[in-house]
Amino acid sequence: MHEFSLYSQIPATRHGQVLQILAGVTASQPTATFEQTLIYQQARLAETGSKKAPAGRQSAVPASRLSYHKLVRDLKGAEGENAPWTFRAEDVPLPGMPSFVSRATTEHVFGEAELEKFRQGNGWYKYINQYLATPGHRFVHNNIIIRTRRILSVPEGTGALEPLDAPIPTLSDCNLIDPSGTYYFEARIRVEDGGNSKLVEQATAELMAFKKQVEGAIDLRVPERLAFDTRVKGT
Amino acid sequence: MASLILRPWTHDSPDTSSLKDILARAQRGHFRDITEVSLQEEIAGEGTFELSESESDDEEEDKDEEISSAKPSTRDDLFKARLEMLRHVDAAHNDVMIALDFVSLLLTHDAPEKGKASISAGLRQEVPIGSLGHDIWHKMPQDKPREAQDKLLATNVRLESLQQSADSLLAAASRLEDNVRKETRYWDHVLSINENGWNVCKLPGQQHRLGVTYGFSDSAPEFARRGVAALNATSDGTMVLERGVGSKPRAVRVLLKRGEAVVGCSRIPALRNEGEVALEARIRHARDSLFDEELYHEMLRESRGQISLGISMKGTGIVLKPNSAESPHATKVVFELVSLGEVEDETGEAREQDSLAQAIALAARMLLSQAHREKVKKRSNVPPSMSERKDERTSLPILRPIMASMLHKAAIDQSNSYLASVGSLLSAASIEHRSQPAAFAFSKDTEAGIEGLVSTLMQCWTSEASLSLYDRQTTIRLETTLATSFGTQYTLSSADGRVTRFSSQEELRAACDDVLASELALHLKLGAGESWECNRREALLVRPDDEQGKGRRVWVTLDSEAGVLSLNTPTKKVSWGSPGGVAASFSDAWAELLD
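Computed from a predicted structure; not experimentally measured. Throughout, residues of each chain are indexed from 1 in the direction in which the sequence is written. By the order in which they are written, chains take letters starting at A while ligands take numbers starting at 1. Residue-level local features of this predicted model are given only where pLDDT is at least 70; pairs of side-chain atoms are given and counted only at 80 or more, and the full residue set underlies all totals for whole chains, interfaces and linings. Heavy atoms throughout the structure, all of them, feed into the side-chain values; hydrogens and water do not.

Considering the overall build of chain B
Then step 1. Every helix listed is a DSSP run of H or I at least four residues long, and every strand listed is a run of E at least two residues long, numbered separately from the N terminus. Scanning chain B for helices and strands turns up 13 helices and 19 strands.
Then step 2. Classification of the 595 residues of chain B by burial places 33% in the buried group.
Then step 3. For chain B, the proportion of contacts with a sequence separation of at least 24, taken over those separated by at least 6, is 54%.
Then step 4. With an accessible surface of roughly 39,100 Å², chain B has 54% of that area assigned to carbon and sulfur atoms. Accessible area is worked out with a 1.4 Å probe on protein chains only. A residue is then buried under 20% of its type maximum, exposed over 50%, and partly exposed in between. What makes two residues a contact is simply this: any of their non-hydrogen atoms within 4.5 Å. Throughout, the Shrake-Rupley method with a 1.4 Å probe supplies accessible areas, and for residues the shown protein chains are the sole cover considered.

Some words on the packing of aromatic side chains
Residue and element names in this part refer to chain A.
Then step 1. Centres within 6.5 Å are what make two rings of Phe, Tyr or Trp a pair, Trp counting through its six-membered ring; a difference in plane orientation under 30 degrees is then read as stacked, over 60 as edge-to-face, and the rest as tilted. Summed over the entire model, instances satisfying the criterion amount to 7 aromatic pairs over all chains.
Then step 2. Ring geometry for Phe-4 versus Phe-100: centroids 5.4 Å apart, planes at 90°, classification edge-to-face. Placement of the pair is Phe-4 in strand E1 (residues 2-10) and Phe-100 in the loop between strand E4 (86-90) and strand E5 (101-109), with a sequence separation of 96 residues. Residues Phe-4 and Phe-100 agree in their burial class; the two are buried.
Then step 3. Here a set of aromatic residues connected by ring pairs shows up, and it is made of Tyr-7, Tyr-184 and Phe-228.

Digging into the nonpolar core
Residue and element names in this part refer to chain B.
Then step 1. Here, nonpolar core refers to any group of buried Ala, Val, Leu, Ile, Met, Phe, Trp, Tyr and Cys residues whose side-chain atoms link them within 4.5 Å. Ranked by size, the top nonpolar core spans 40 residues in total, and within it Val-556, Leu-565, Leu-567 and Phe-586 carry the most contacts.
Then step 2. Among the elements that line this core, the one with the most residues is helix H12 (residues 505-528), at 9 residues.
Then step 3. Residues contacting Leu-565, with those up to four places away along its chain left out, are Leu-425, Leu-426, Ala-429, Ile-431, Leu-520, Val-556, Thr-557, Leu-558, Val-574, Ser-575 and Trp-576.
Then step 4. Formed by 35 residues, the second largest nonpolar core is a distinct cluster that contains Tyr-296, Met-299, Leu-309 and Leu-482.

Overview of the sheet that holds strand E2 (residues 210-213) of chain B
All names here are of chain B.
Then step 1. Two strands form a pair only when DSSP identifies at least two bridges running between them. Strand order in this open sheet of 4 strands is E1-E2-E3-E4, and the pairing throughout is antiparallel. Each edge of the sheet is formed by a strand with only one pairing partner; in this case those strands are strand E1 (199-202) and strand E4 (239-241). Strand after strand, the sheet turns through a mean of 35° between neighbouring axes, direction not considered.
Then step 2. All axes are obtained by fitting lines to C-alpha atoms, using only the stretch in contact for helices, and the reported angles, taken between N-to-C directions, cover 0 to 180 degrees. In the packing of helix H8 (residues 278-305) onto the sheet, the strands contacted are E2 and E4, and the crossing angle to E4 comes to about 15°.

Here we look at the pairing of E1 of chain A
Residue and element names in this part refer to chain A.
Then step 1. Counting buried positions along E1 gives 8 out of 9 residues, so the element sits mostly inside the fold.
Then step 2. Direction of pairing for E1 relative to E5: antiparallel, over a ladder of 4 bridges. Within E5, the position partnered with Phe-4 by the bridge is Ser-102.
Then step 3. In the sheet, E1 pairs with strand E9 (residues 183-191) via 9 bridges, with the strands oriented antiparallel. Counted as the bridge partner of Ser-5 is Arg-188 from E9.

Section: the pattern of salt bridges
Then step 1. The working definition used for a salt bridge is a side-chain nitrogen of Lys or Arg within 4 Å of a carboxyl oxygen of Asp or Glu. One pass over the full model with this rule turns up 24 salt bridges over all chains.
Then step 2. Across the pair Arg-149 of chain A and Glu-35 of chain A runs a salt bridge, and its minimum N-O distance is 3.2 Å. Note that Arg-149 of chain A is positioned in strand E7 (residues 144-153) and Glu-35 of chain A in strand E2 (residues 31-42), a separation of 114 residues in sequence.
Then step 3. Overall, the relative accessible area of 14% leaves Glu-35 of chain A in the buried class.
Then step 4. When the shortest N-O distance is used, the salt bridge between Glu-302 of chain B and Arg-400 of chain B registers 2.8 Å. Of this pair, Glu-302 of chain B sits in helix H8 while Arg-400 of chain B sits in helix H10 (residues 399-428), and the two are 98 residues apart along the sequence.

What to know about the interface of chain B and chain A
Then step 1. Counting residues at the interface gives 10 residues for chain B, matched by 20 residues for chain A.
Then step 2. One can count 0 salt bridges joining chain B with chain A.
Then step 3. In protein, a polar contact requires one atom able to donate a hydrogen and another able to accept it; more generally it is a pair of N or O atoms within 3.5 Å, and residues adjacent in sequence count only if both atoms are side-chain atoms. If you look at where chain B meets chain A, you find 2 residue pairs in polar contact (both at pLDDT 80 or more).
Then step 4. Within the side of chain B that touches chain A, the residues separate by chemical class into 4 nonpolar, 4 polar and 2 charged. Here the nonpolar group is Ala, Val, Leu, Ile, Met, Phe, Trp, Tyr, Cys and Pro; Asp, Glu, Lys and Arg are the charged ones; every other residue, Gly included, is treated as polar.

With respect to the confidence of the model for chain A
Then step 1. Each residue carries a pLDDT score, the predictor's confidence in it, ranging from 0 to 100. Put simply, chain A has an average pLDDT of 80, and 87% of its residues get 70 or more.
Then step 2. Contacts for the low-pLDDT stretch residues 49-62 of chain A, under 50 throughout, to residues beyond four places or in other chains number 14 contacts.

Some points on the sheet that holds strand E13 (residues 488-493) of chain B
To summarise the sheet geometry, strands pair through backbone hydrogen bonds and adopt either a parallel or an antiparallel arrangement.
Residue and element names in this part refer to chain B.
Then step 1. The 5 strands lie next to each other as E10-E11-E12-E13-E14, forming an open sheet whose pairing is antiparallel. The strands lining the two open edges of the sheet, one partner per strand, are strand E10 (433-436) and strand E14 (499-502). This sheet shows a mean twist of 15° between the axes of neighbouring strands, independent of strand direction.
Then step 2. Pairing between E10 and strand E11 (residues 461-469): 4 bridges, direction antiparallel. Bridge pairing in E11 links Arg-434 to Ser-468.
Then step 3. Contacting E10, E11, strand E12 (472-480) and E13, H10 runs over the sheet at an angle of about 5° to E11.

Overview of helix H11 (residues 450-457) of chain B
Then step 1. Along H11 of chain B, the residues that are buried comprise Gly-452, Val-454, Thr-456 and Leu-457 of chain B.
Then step 2. Those residues of H11 of chain B that are buried lie in contact with helix H9 (354-380), H10 and E11 of chain B.

Quick word on unusual backbone geometry
Residue and element names in this part refer to chain A.
Then step 1. Residue Ala-27 is not a glycine yet carries a positive backbone phi of 55°.
Then step 2. Take Ala-27: it is sitting in the loop between helix H1 (15-26) and E2.
Then step 3. On the accessibility criterion, Ala-27 (45% relative accessible area) is partly exposed.
Then step 4. A positive phi angle, close to 55°, is found at Asn-142, a residue other than glycine.
Then step 5. Among the structural elements, Asn-142 can be located in the loop between strand E6 (125-141) and E7.

Description of the environment of Val-542 of chain B
All names here are of chain B.
Then step 1. In this fold, Val-542 is placed in strand E16 (residues 540-543).
Then step 2. Assessed through its relative accessible area of 27%, Val-542 is described here as partly exposed.
Then step 3. Sequence spacing of Val-542 and Trp-532 is 10 residues, and the spatial spacing of their C-alpha atoms is 5.5 Å.

A few points about helix H6 (residues 144-195) of chain B
Residue and element names in this part refer to chain B.
Then step 1. Given a rise of 1.5 Å per residue, 52 residues ought to cover 76 Å, and the 76 Å separating the end C-alpha atoms of H6 matches this to within 8%.
Then step 2. Tucked into the core, H6 has its buried residues touching E1, E2, strand E3 (228-233), E4 and H8.
Then step 3. Two residues or fewer after H6 comes Gly-197, characterised by a positive phi angle close to 105°. Here a helix's expected span is defined as the number of its residues, less one, multiplied by 1.5 Å.

What to know about the packing of H8 of chain B against H9 of chain B
Residue and element names in this part refer to chain B.
Then step 1. For the pair H8 and H9, interaxial distance at closest approach is 10 Å and the crossing angle is 85°. Relative to H9, the element H8 is oriented roughly perpendicular. Packed against H8, whose contacting residues are Phe-291, Asp-292, Glu-294, Leu-295 and Glu-298, the element H9 presents Ala-364, Arg-365, Leu-368, Ser-369 and His-372 at the interface.
Then step 2. Its residues assigned to classes, the contact of H8 with H9 comprises 4 nonpolar, 2 polar and 4 charged. Here roughly perpendicular refers to angles of 65 to 115 degrees, roughly parallel to angles under 35, roughly antiparallel to angles over 145, and oblique to all remaining angles.

Examining the pairing of strand E17 (residues 552-559) of chain B
All names here are of chain B.
Then step 1. Where burial is concerned, the two faces of E17 differ: the one with Arg-552, Val-554, Val-556 and Leu-558 is buried and the one with Arg-553, Trp-555, Thr-557 and Asp-559 is not.
Then step 2. Where E16 lies against E17, 4 bridges are found, and the strand directions are antiparallel. Among the inter-strand pairings, Leu-540 is bridged to a residue of E17, identified as Trp-555.
Then step 3. A loop of 4 residues connects E17 with strand E18 (residues 564-568), the two strands running antiparallel in sequence, and Gly-563 in this loop sits at a positive phi of about 75°.

Focus: a nonpolar patch on the surface
All names here are of chain B.
Then step 1. Residues with no salt bridge and a relative accessible area higher than 30% make up the patches, which join like charges within 9 Å and nonpolar side chains (Val, Leu, Ile, Met, Phe, Trp, Tyr) within 5 Å. Judged by side-chain polarity, Val-96, Met-97 and Leu-100 come together as a nonpolar surface patch covering roughly 240 Å² of accessible area.
Then step 2. Within the secondary structure, Val-96 is located in helix H3 (residues 75-110).
Then step 3. Given the relative accessible area of 53%, Val-96 is considered exposed.

Listed below in structure tokens is the structure:
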């Protein structure tokens, strides 16, 4: 599927105010989230015997370059510690889009069988790093998913154990990536099929309307496109 | 404020500058600061100012003369003096020529040749000759009374205009006071509404107008839009809601009818509560009316999709018939939307099932609130990615849980009446038995609060009834849920472990009768000895032919429809329960038949 997103930064002192504003705009209460994200590097390309796969299919991995993929799970959800892992692959954002970030992504919930590929020892993926996102809040406004969170890096040595099964690193050991305590803000809208121009127009119009609505309170911007590059360098 | 003033045309442009400009010109600052006292002071001050001005003028003139009498000492001074003299001479010459022109023009009227000779060329071009004439007037005698009258007129006119300005100022002041009073009243009203818990907000399209929200944000869009009403101030300062909102309130009323007679009616909210201002009563009516209208609308939508469940419409009322088989004496539930003003009379008398009707009405409203809550929760979940699919609005489950409870209650009542009739039959035959009627079962661990209550209402209902004959228990289990099928599912478990399912009450009765009859037969066999054989399925006891060649066949029948329990042989029949029943007990009759 295709995603369009906008980003912003909220200083720690304004966080409470921004949550209130968003609660008013969306007419609902925030959902607290605590996400753990593992970053893996592809060691070898998936054998796409599907040469017949039509071009319109959502396969976010262009089978030419190795890229970084993520496994995400939400620890505050219904299952708590045993929440299932979601696989997420993001493409490089499309160039020439000054008003929002547009990229193709894939997201699936993986079961045990697929998770085997990510374990140490299998030649498919190599574990790179992980980070935690807490405290986090999520709002949903029509089709737009709005998230604010602070990102924490895990202490050294967490990658020694198998990260899929290891216990969650204790929060007191983790440090904020941004010591000033700024919150990272993202507004995202997803479209099933990036080729359907009517849907794409609808989605981008909705995203822009949201940006206009919170203008002044939250300034949504487009960061540099290549900062989202997920391709592995040097291959 | 402005009165229509018609002024005569004047040569100059009329002075139509506004009050503001006049005041600005008056240069006295903001009109709020102008008071009588300050004006008086100014007048007093000006008088002294004028006098001092004239004095200073005299002094300056004396000084000038002194300076000009000093003789010119240097050559420059000489030239300067000469220039000045020439200037003066020029000016004098100019004045004289102008005077000459004037006189010549005058002359051209009477003696044209002489005048034309002396008039200058410039003036002749500008003005035609003979256009200035002269008359000699004698000096008029001084008309003292006329002058006095003129003076009086002038004073009066001045006085009148001052009076007029004073009047208009007074009118402005009183109007200002009026406005202030109206504003205070308006804000008092708004504050009182706010303090009573209503939400006062800014109206989205219109500036300078406040409104009250009383709607529910999670209703269907057409109802959510109607949930705001503007607050308007009328001319005398009272507040009204816009366009008659809340003036014709409506409410949903539940009627329980048996046949055509009304046996239960739910309560309708009062038209005016104690201690409530008319405005708040209107807002409350508007909110209740909106909620009930939405409730009716959703029930209507649901009923259209659920006709198979026995929900139908009659006129404007939605009719629920729990047992479509038994009519017309079964109780039906009718939901209708009535206007509060019209139906005050029906609620006068208390009827037998009023509390049930009221409970049904309350349950319907609670289910609607629960549906709103579910909507909010659904909205907060991560939405799927956008695609071309359009979701249809599913109908909210309001009638279905109510129908399920009513069906279950009806089933329980029927089972209990069946058990009671069988019990009475068995007692008539002096057979020892124990029965346990069915009842609504609530699990103990529901969460407190309204969500717990509603989840209890929406669960699948199960109940059990049992009858023990000689310590062997037969159980009937009732399950009602409208998710899978319509109506109650009955499960009959007999004491030997046979389990059968039925979906109608009649089948259950017949099967249960058979089971009980076979229980009785089994009991007889156990007491009778080895020579008898029992065919359990047909409740038949057979004693095969013995040496005397007398075979015996006895069977037990139990018929709860007719209300008869009987012990039969091919030749004799002993029965209990029917009008011609026997007083002997079951065991006695058996013993009799044995011989």
